[in-house]
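Inside the fold
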Amino acid sequence: MLVAAILSVAVAVPWSPPHSVGDDAGWTIGAGQLEPGLLGALARRELACAACHVDMGAAPPPAPRLQGLAQRARPEFVQRFLAAPAQAQPGTRMPALLAHLAPDERAAAAQALTHYLFGEAAPSEATRTPDDTQVAAGRALFHTVGCVACHGALDAGAAWTPPAGREEAGEEDSDEDSDEDSEEDNEEEGEPSKMPAAPTAGAESDSPLEPARALAPLGHVGVKYTEAGLAAFLFEPLHSRTAGRMPDMGLTRLEAQAIAAYLVEATGGAGLASSRFVVDAGLNERGRAFYDALRCAACHTDEAHAAPARTVTAGVNHARIGCGAADPGPQHTGARFALTAEVRAALGSASDAALALADTIALDLTALRCDACHARAGLGGVDPALDRYFGTTQPDLGEEARIPPPLTHVGAKLQRDWLHRVLFDGARVRPYMTTRMPSFGEPNLKPLADALLAADRGHFAAYPVPVPEGDAARDARDGGRLLLGTTGLGCVTCHDFNGTPSPGFRGLDLITTPERLTPEWYARFLVAPQSLRPGIVMPEAWPGGVAVHTGILGGDTDAQLRGIWYYLTQGRTAQDPPGIRPEPTLLSVDGPVRVYRGRSRVAGFRGIAVGSAAGLHYAFDAEVGALAALWRGDFVSVRWDSQGAGDFDPRAEPAVLQRELGALAEFDPDGAWPVRAARTKEAPRDADPLYARRHGYRFLGYSLDSSGAPTLRYQCGTVTIEERSDVVVVEERQILRRTLLFDSPAATQLRLRLLEGPVAQETPNRASAGRITVEWSGGNPVRSRTDLILSFDLPRGRSTTFIDHDLR
Amino acid sequence: MICADLTSLALALCGTLGPQEVELELGSMWGTASREREAYRIVDLPIPQDIVLEVGAFATHPDGRVAVGTRRGDVYFVRGVDDPKPEPTFHLFATGLDEIFGLDFDESGLVVTQSCEVTRVSDEDGDGRADRFDTLCDGFGYRNYHEYAFGSERDPRGSRYVALGLSYSYESHELFRGWVLELTADGRTVPYASGLRSPGGIGFNEHGQLCIVESQGPWNSSCSLKVVQRGSFLGHPAGNVWYPFSELAPPMEPRSGTRVLSEAQRIPELEPYAVIFPYIRMGRSITGFSVDRTRGRFGPFEGQLFVGDFSLSLVMRVTTELVDGVWQGACYPFREGLSTGLLDVHFTPGGHMLTGGTNRGWPVRGTAPFALERIEWTGATPFEIRRVSILHDGFDVEFTAPVDPEVAAAAETYQLSTFTHSYHAGYGGPEVDRTTPKVTGIELSADRTSVRLRLDEVRAGHVHEFDLASMRAQDGRSLVHRHAYYTVNRVPQRPHPIAESPRWLRFEGGAGAGAGRHIVLVAADQEYRSEHSLPMLAHLLAERHGFHTTVLFAQNSDGLVDPTQKIVWEDKTVIHDIPGIEALDSADLVVFFSRLVTLPPAQLEYIYRYLDSGKPLIGLRTANHGFIGFDYELDGRKINFGEDVLGGSFRNHHGRWHQDSTRGLIVPENAGHPILRGVVDVWGPSDVYRTYPDGGALPEGCVPLLLGQPLMAREPTDPINPDLEPLPVAWVKTWTGRLGRSARVMHTTMGGAQDFHSEGLRRLVVNSAYWCLGLEDAIEADSDMRILGPYSPPETGFDYENLGVRPQPVSDFDPRR
């Protein structure tokens, strides 16, 4: 009632245009690129005409969710925006809804609505001093990941520039640091010269950039958002703007915070005071009434508000009468859109006819701004003025590594499922491209995906790739492998393969080819890359369709193309092509002690390798409780490239001590030390599976101290042994000192076997075998020639002994 | 143009093989990813660049983080896996372990199954990094990289289980390779079950039963889900060499080239494979599994099992059920298109499914070397086969949405076929013994979400493959996945089709070859005390041979069994009444023992219908003159029940009525007939009937089994009567009714109640029941024919008063009373 009164009163007062905005503040996406009819259809959809009018097409894309507005926006801005949207935020598609009111009433209504939309108190935000590092990172990101495609560059200096001497770079400068290099370049070369000229309405742009296409200006951002609110929005834009017109750039939380910090500073929001907004209950209630009366829920659909009834507009020229008109006159109490003249004219000429497939594609590519990065059939592509912001870490791969791929015939190029994965699931294959392909939300892209597939499918003649069998399969596989390798076409010198980096340039990984591409596009592209990608650096390997390598697969082009395809379908098990080789992983120790369990030739399958930064390492065989090997230098390399777990291999030739049980409670000094059952090819089965158990051995585990050094625990009969080994310096030599802590329930004897012969006993408590010398205290040697066995008389309870191992 | 010469070939091939359906070596995908994504989205969880996350196992930390164990031996605690836009953080908890395929939290912390042992991993100093590693179980050999170890969670008794793959995946060179070990709550390691080949996961199914998944290979023609019980033998004999190191008794060696089910009958320890995953169509190497207990947050499959596949990078669903003490169930496609080879799937606290793995070492569809991906329900309910459950005569097929009743009612909507595998030592194996069951009945539930399918046969030992390509939901949608695969190990017993009633006797079948079959016995004579003998036989057939049986009686107007009733020749007003004769409709076999009864036309109609049905019948003694007013015509000719159906009718007493007795003599040329298996001695005090004229013979088509030799008097030891030739007293034949359906028929003219004291006669009749039903393979010479309880029927004859024969309630004839 209250609102009705205001509205009716409002009409009664003399009307004067509340504000006028120039064309440059109007919504204009698609202008200059689309036929007027199509532009009109686009405008109808994007301006959500159908939200209010039944005869204006299908359900429009949803307007931003207003829930949570208090968490991201500033109430001052919202109030200003409601009173005059296009003035507060040039380019907005939000129409003015209060324009027909007298200025004071308009302000009051905007205030009430703000109190309603901020139904809960906005969190106050302390004024923050901008973090320079963060701002710099944000600036770099903004100008690197693709924001500029829609919003324009804010900082001319931040652009990606190809490294100097690009032509020569191939030979010398292709190391893997180029990634970092280019980013550093960005920051160093980025002149922090002047504050960017935010392309705000009416502001004179003195930017050197004159983008040819309409941009979505950001001048309002600093005053609209709190920094935290902006960061949250940038992290998950689809959460509040479900229509995907601001897509998700795949920013991490930290990246979103950096860009937010930068944008807030760049657009005048830095240091903006933010006081706690207190919601007035009365205003809130009036705001709700306005919300209903102004039919806000028609566009801002949510569960709390029913969608208002829609009306018919038959016969209306939308460019001249009503919401779309430049001046709808004082009697018009509805929405007023700020539009450019071109859009306005197009709106008037929009037809109700169903669109052709090509037109729906053009419409979507424009509406979602795909055309800002991708070209398709003459439409769109990177704006030359923004070209420099499209970077790569692999400049030698040419423009293909830098400029997002064209979408011409993309529906015939990509497998349907792969297209879906790219569009809906964020699948990406070009890690070197600094511009990111954003996510728009599956519902927003589904029609486009369907249309692309429908329009393009069948464009190329089918190219069957039947699965070969028997010898043919082997030949095809081997042929494909040789062709990809340096033995053939050398594809792997420019392409990663199966996760293994190319030794040269790092072109996209070839192993995904059959998963991504249709065979017909693949075959055509391989034979004539230029026909599909003019200017690509990829060489022609079958000039004129004729195989260069006549020695492989009979020099038959189709056999070779199919051989490569078949070979690539082997996936991970595809044997690497000649020319690349995965390196074993080197585990190094440069801090705490490192413990690594795995199988090895030196310590069996239950081996424990222990590495120390001092450079003296050992391996313990937990299956038998024996110190098995010692080595100096680097720690171990580990193979993680096949079916098995990572077996470790000492990086230097180890000295092997012994591999049988390390300790025995019961032992006849005249008899042999019990050894593991030998296994042979003829008798591979373990003939004595209880070998260690039978002799009372049991491994109990280990604990790590604060340095990461393990104390190993095991049982020998009734005796529990805790053993740790430390690298100590004795007479300027690094040696390994084993400390053995025995715990026995009764006085008993225990024998340790330390070396496998031939052994030379040098002193009563020192002996050596091979490169190892051991020195002990407390034990008595009971045998010291064929092997070294010490006997210990253990008291009841705990006792300790030390054994030093020196490795020459 | 490129390769112009190929265009024609391309066109020729593309008619059947479109560009999307290019056959790759790994096997075709289902091609359903686009439909699947409407209900189930795959979300990539970004992994920091410096972390290699080759997931081997998942578990949920008590604090809500998800623990990930990797093939590289690291354990990460991951936070944020359920965030709308996930940007999870990874905390390295433990490192330096050896290929992790099992994680489980308990009150004391984390238990890790790594290749070399099961280890308790704890953080004693509370700095967030593991610093204590206690060996819980290493009582098994490990000397080949392919000897993987998978660990389960705890069961309610506190035990965990470790599944140990074979050496090189073919041999068992090391202790307990190919076994499941139990790690008890008190820390003991107990050998639990043998027969594994190269398991891909161990855990509990949706009913809490311990299971492993096994890969296709030797003794495994396809991948399968197998149930593990203490003492089970799971099919691959290589590991059986370690039985001497366990307390379990070794099973017999399996014979290669057989079938699992037949070998399981011979080897009691052999566990039939509960759910078979048809090779390639349903994965190539199935791995870790997890039960959806998200209370609906993951969509309409609450309580079902989800299992990943390594080679094909996809996830399947499984449902299991226990039938007759044996586990079995079905598998269904669910979601394809994951980025790497899956080694485990796991439900998060937020109700999503985490998947992870690697593509290292084997051919894998997904091209990412490793990945962490989340499958989340979009809220849209896919139109899917929710579950297939077995019934005694078909399946219950449940859908996630109401179906179109017209499509659902059409038999051709259900394309079914079955196959089984050879159980053999070779690697993998083809699908053999294909059959195509016919749909014989369709019932749609009231809410239209499930269909009860009746089939002409449900075959134990076979995978039943459902293809419902043409099924439509009420809203017109087709199924996202048209297939389901049910492995039948047991066909559940059909319930007794007849309700309890005081007007007849009803015996529930027990275990036995006759299980699920229904035999109706009709006692309606006035002379030979069938009201005593048939309940005895019915009890025996049910209790000792498994048949459901129902005995119907001729009853008077007081509802009493009344052998004293007159016949219509004696009293023109007599109409006999056999209450419950409707039971013939559900009978698989009817045993007639009537004598000159006059039934109302409505009751006769049931008999006529039975004669049309092609189902078998047995006639005893007077059954060959069992009916008066029998009005059944075939080809314009009136049929005589005795002559035409049974193969002969009473002409006269060949033996001397009430003076001699009958010795049964096996007809030598038919001695091999299955009905005679174990029949060695038949004698009864009834005399021999003549059923054909002197000098004649049994009608054509009758195969005589037994000749009746009249004896001199009424003791089994009495000499034969040399003046009376032996005449056929038992034979078999075929009857074909009006619909052209043929039935097996057995008739014996013996059968006075006293005759059934002869075990030979009982065996003859019971064997006949088997034979009539086509179960001759199940006839065993020494099967149990002992009468249950006391059996002392009155003498035969019409001297009712002296014999003590009088109208009595049905219950008086119940041998169980």
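My aim in this report is to walk through the structure given alongside it, one point at a time.

Parameters and conventions
- Residues numbered from 1 in each chain as written.
- Chains lettered and ligands numbered in written order.
- Predicted model: local features only at pLDDT ≥ 70, side-chain atom pairs only at ≥ 80, totals over all residues.
- Heavy atoms only, no water.
- Helix = DSSP H or I, 4+ residues; strand = E, 2+ residues; numbered from the N terminus.
- Contact = heavy atoms within 4.5 Å.
- Areas by Shrake-Rupley, 256 points an atom, 1.4 Å probe, with all protein chains shown as cover.
- Lys, Arg positive; Asp, Glu negative; His and termini not counted.
- Charge placed at Lys NZ, Arg CZ, Asp CG, Glu CD.
- Pairing = 2+ DSSP bridges.
- Salt bridge = Lys/Arg side-chain N within 4 Å of Asp/Glu carboxyl O.
- Buried < 20%, exposed > 50% of the residue type's maximum accessible area, 1.4 Å probe, protein only.
- Axes fitted to C-alpha atoms, helices over the stretch in contact; angles between N-to-C directions.
- Parallel < 35°, antiparallel > 145°, perpendicular 65-115°, else oblique.
- Left-handed = near helix turned anticlockwise from the far one by under 90°.
- Expected span 1.5 Å × (residues − 1).
- Polar contact = N/O pair within 3.5 Å; in protein donor to acceptor, adjacent residues only side chain to side chain.
- Core = buried A, V, L, I, M, F, W, Y, C linked by side-chain atoms within 4.5 Å.
- Buried area = accessible area lost by both parts, 1.4 Å probe.
- Nonpolar A, V, L, I, M, F, W, Y, C, P; charged D, E, K, R; others polar.

1. So, the overall build of chain B
Helix and strand content of chain B: nine helices and 48 strands. Overall, chain B is about 105 × 65 × 55 Å in size when its C-alpha atoms are taken along their principal axes. Of the contacts made within chain B by residues no fewer than 6 positions apart, 66% connect residues no fewer than 24 positions apart. Surface accessibility of chain B: about 29000 Å² in total, with carbon and sulfur atoms responsible for 50%. Each charge class in chain B can be summarised by its mean position, and for the 75 positive and 109 negative side chains these summaries are 1 Å apart.

2. Section: the sheet that holds strand 11 (residues 663-664) of chain A
Residue and element names in this part refer to chain A. The antiparallel open sheet is built from four strands, whose spatial order is 11-16-21-20. Across the chains shown, the open sheet's two edge strands, defined by having one partner strand only, are strand 11 and strand 20 (780-784). Bridging between strand 20 and strand 21 (residues 787-794) involves four bridges; their strand directions are antiparallel. Of the residues in strand 21, the one forming a bridge with P781 is L790.

3. Some remarks on the pattern of salt bridges
Pairing between side chains of opposite charge can happen when their charged atoms approach one another. Taken as a whole and judged by the stated rule, the model has 95 salt bridges over all chains. As a salt-bridge pair, D787(A) and R783(A) come within 3.0 Å of each other at their nearest N and O atoms. Of the residues examined, D787(A) reaches a relative accessible area of 3% and is grouped as buried. Of the charged contacts, one joins R65(B) and D63(B) as a salt bridge, the two residues approaching to 2.9 Å between their closest N and O atoms. The structure contains a network of salt bridges with shared partners spanning D621(A), E623(A), R659(A), E660(A), R676(A) and R143(B).

4. Details of the environment of L761(B)
Residue and element names in this part refer to chain B. For L761, the position within the fold is in helix 8 (residues 759-772). Sequence separation of L761 and M785 is 24 residues, and the distance between their C-alpha atoms is 9.8 Å. Aside from chain neighbours lying at most four places away, what touches L761 is D681, V682, M750, G751, D755 and F756.

5. With respect to the packing of helix 23 (residues 519-527) of chain A against helix 25 (residues 557-568) of chain A
Residues and elements named next belong to chain A. The N-to-C vectors of helix 23 and helix 25 enclose an angle of 120°; their axes lie 11 Å apart at closest approach. Considered as vectors, helix 23 and helix 25 are oriented oblique to each other. In this structure, the crossing between helix 23 and helix 25 has a hand that is right-handed. Here P519, Y522, A523, L526 and V527 of helix 23 lie close against helix 25, whose contacting residues are T557, L561, I564 and W565.

6. A closer look at the side chain of N498(A)
Residue and element names in this part refer to chain A. For N498, the position within the fold is in the loop between helix 21 (470-484) and helix 22 (513-516). For N498, a relative accessible area of 6% translates into the label buried. When sequence neighbours within four positions are dropped, the list of residues in contact with N498 reads D509, I511, G571, R572 and A574.

7. Quick word on the pairing of strand 13 (residues 710-716) of chain A
Residues and elements named next belong to chain A. When you tally the buried positions in strand 13, you get six out of seven residues, the bulk of the element. Where strand 12 (residues 697-704) lies against strand 13, seven bridges are found, and the strand directions are antiparallel. Of the residues in strand 13, the one forming a bridge with L704 is P710. Linking strand 12 back to strand 13 in an antiparallel pair, the connection comprises five residues, with G708 at a positive phi of about 90°. Pairing analysis gives six bridges linking strand 13 to strand 14 (residues 719-730), with the strands arranged antiparallel. Bridged to R713 within strand 14 is E722. Counted between consecutive antiparallel strands, the loop separating strand 13 from strand 14 contains two residues, among which G717 sits at a positive phi close to 60°.

8. Here's the deal with helix 25 of chain A
Residue and element names in this part refer to chain A. Spanning twelve residues, helix 25 covers 17 Å between terminal C-alpha atoms, matching the ideal 16 Å at 1.5 Å per step. All buried positions along helix 25 are accounted for by T557, D558, Q560, L561, R562, G563, I564, W565, Y566, Y567 and L568. The opening residue of helix 25, the one whose side-chain oxygen lies 3.2 Å from the backbone nitrogen of D558, is D556.

9. Focus on the nonpolar core
All names here are of chain A. The biggest cluster of nonpolar side chains holds 103 residues, and the ones touching the most others in it are L117 and F497. If sequence neighbours within four positions are ignored, L117 has contacts with L66, L69, V78, L82 and Y291. With 64 residues, the next largest nonpolar core counts I721, F742, L790 and F792 among its residues.

10. Side note on the interface of chain A and chain B
Taken together, the contact between chain A and chain B spans 69 residues of the former and 71 residues of the latter. Buried area between chain A and chain B, summed over both chains or domains, comes out near 6400 Å², and the portion from carbon and sulfur atoms is 51%. Our enumeration of links across chain A and chain B arrives at nine salt bridges. A salt bridge links D134(B) to R713(A); the shortest N-O distance between them is 2.3 Å. The tally of links between chain A and chain B comes to 26 residue pairs in polar contact (both at pLDDT 80 or more). For the side of chain A that touches chain B, a count of residues per class yields 28 nonpolar, 15 polar and 26 charged. Where strand 12 of chain A meets strand 9 (residues 132-137) of chain B, three bridges bridge the pair, whose relative direction is antiparallel. Note on strand 9 of chain B: the bridge partner recorded for G701(A) is D134(B).

11. Some words on the pairing of strand 5 (residues 604-611) of chain A
Residues and elements named next belong to chain A. In terms of residue burial, strand 5 counts as a mostly covered element, since eight of its eight residues are buried. Bridge analysis of strand 4 (residues 594-600) against strand 5 gives six bridges, and the strand direction is antiparallel. Within strand 5, the residue paired with V595 across the bridge is V610. Following strand 4, the chain reverses through three residues before pairing antiparallel with strand 5. When strand 5 meets strand 6 (residues 616-621), the two strands line up antiparallel, connected through four bridges. Residue V610 lies in a different strand from strand 6, and its bridge partner there is Y618. Counting the residues between successive antiparallel strands, the hairpin from strand 5 to strand 6 contains four residues, one of them, G615, with a positive phi of roughly 95°.

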